[in-house]
Amino acid sequence: MHGGCRSSVVRARVSAVETATRPITLHPFTPSDAERLLEGHVDPVDGWEGGYSFTDEPELLADYVRATQRDGDPAPYGPYLVRRLGADGEAGAAVGGVNLFGPPDERGAVEFAFGLVPAARGTGLSPYVVDAALDVLREAGALIARAECEIANLPARRVLEQAGLGEVGRSDGVVAFEIRL
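Residues numbered from 1 in each chain as written. Predicted model: local features only at pLDDT ≥ 70, side-chain atom pairs only at ≥ 80, totals over all residues. Heavy atoms only, no water.

**Re the packing of helix α1 (residues 31–38) against helix α2 (residues 58–71)**
A pair of packed helices is captured by two measures, namely the crossing angle of their axes and the spacing between those axes. Packing of α1 against α2 leaves a shortest axis separation of 9 Å and a crossing angle of 135 degrees. Considered as vectors, α1 and α2 are oriented oblique to each other. Between α1 and α2 lies a crossing of left-handed hand. Here P31, A34, E35, L37 and L38 of α1 come into contact with α2, specifically with P58, L61, A62, Y64, V65, T68 and Q69. Counted by class, the contact of α1 with α2 contains nine nonpolar, two polar and one charged residues. (Axes fitted to C-alpha atoms, helices over the stretch in contact; angles between N-to-C directions. Helix = DSSP H or I, 4+ residues; strand = E, 2+ residues; numbered from the N terminus. Parallel < 35°, antiparallel > 145°, perpendicular 65-115°, else oblique. Left-handed = near helix turned anticlockwise from the far one by under 90°. Contact = heavy atoms within 4.5 Å. Nonpolar A, V, L, I, M, F, W, Y, C, P; charged D, E, K, R; others polar.)

Here's what the structure looks like:
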């Protein structure tokens, strides 16, 4: 995901479910979705605002499929599509993604990452994306959420801070944030 942040959160094993927070929804991206896209079967529902799609990053899809074949479906961890919600409440175009990197570490922390396509940046959606990711982690029993951003990515840093994440360290041009859930 381009232009986003990475964070960590701890939670218990729960199935991935669609999480709607107006004006967006987090939609679980499944191993079968990844396999379908790798085989070249793009569904109209795969539509991305601004033209970006996971098909542009086949190595990420292939890594995800291999990991699920080796370790099983990581749900509720793993990738989610960020989709705009229409006035009718129906999910529309994908505008980004969230990845929940589980299972929790020894502290009960899970890292998460988020990113929006260039066409959706600066439109006020990022706070909703981070809030929805934190909600999924809370529901799964996570104790700590963690995210990392490039130091120069001030908009993403502000979004994380506004969501209650505090800076816990810096190294190699990256700032780390955490929040107790």
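That was the structure; now back to the text.
**Structural notes on the pattern of salt bridges**
What the rule picks out here adds up to eight salt bridges. In this structure, D63 engages R66 in a salt bridge whose closest nitrogen and oxygen atoms are separated by 2.4 Å. Separated by three residues within a single helix, D63 and R66 lie in helix α2, roughly one turn from each other. Given a relative accessible area of 41%, D63 falls into the partly exposed group. Residues R170 and E167 are paired through a salt bridge, measuring 2.6 Å at the closest nitrogen-oxygen approach. The class for R170 is partly exposed, based on a relative accessible area of 46%. The network of salt bridges with shared partners includes R107, R146, E148 and E178. (Salt bridge = Lys/Arg side-chain N within 4 Å of Asp/Glu carboxyl O. Buried < 20%, exposed > 50% of the residue type's maximum accessible area, 1.4 Å probe, protein only.)

**Let's talk about the side chain of D33**
Tracing the chain through its elements places D33 in helix α1. Given the relative accessible area of 17%, D33 is considered buried. Of note is the side chain of D33, whose polar atom sits 3.0 Å from the backbone nitrogen of T30. (Polar contact = N/O pair within 3.5 Å; in protein donor to acceptor, adjacent residues only side chain to side chain.)

**Some remarks on unusual backbone geometry**
Cis geometry is adopted by the peptide bond preceding P76, which originates at A75 and carries an omega value of 15 degrees. Tracing the chain through its elements places P76 in the loop between α2 and β4 (78–85). Cis peptide bonds are those with omega within 30 degrees of zero, and the linkage from G102 to P103 qualifies with 5 degrees. Along the chain, P103 falls in the loop between β5 (91–101) and β6 (109–116). Phi is positive for D172, which is not a glycine, with a value near 50 degrees. Within the secondary structure, D172 is located in the loop between β8 (166–171) and β9 (174–180). Classification of D172 by relative accessible area gives exposed; the value is 80%.

**Thoughts on the packing of aromatic side chains**
Applying the stated criterion across every chain, the model contains one aromatic pair. Aromatic pair F29 and Y64: ring centres 6.3 Å apart, planes at 35 degrees, arrangement tilted. Placement of the pair is F29 in the loop between β3 (24–28) and α1 and Y64 in helix α2, with a sequence separation of 35 residues. A relative accessible area of 13% means that Y64 is categorised as buried. (Phe/Tyr/Trp six-rings, centres within 6.5 Å; stacked < 30°, edge-to-face > 60°.)

**Here's the deal with the nonpolar core**
Counting 43 residues, the largest nonpolar core has V98, L100, F112, F114, L160 and L165 as the members making the most contacts within it. With seven residues, helix α3 (residues 126–139) is the single largest residue contributor to this core. Aside from chain neighbours lying at most four places away, what touches L165 is F112, L134, A145, A147, L160, F177, E178 and I179. (Core = buried A, V, L, I, M, F, W, Y, C linked by side-chain atoms within 4.5 Å.)

**Concerning α3**
Given 3.6 residues per helical turn, the α-helix brings residues three or four places apart onto the same face. Over its 14 residues, α3 runs 20 Å from end to end, which matches the ideal 20 Å to within 8%, given 1.5 Å per residue. Buried residues of α3: S126, V129, V130, A132, A133, L134, V136 and L137, and no others. G141 sits one or two positions beyond α3 and adopts a positive phi of about 90 degrees. (Expected span 1.5 Å × (residues − 1).)

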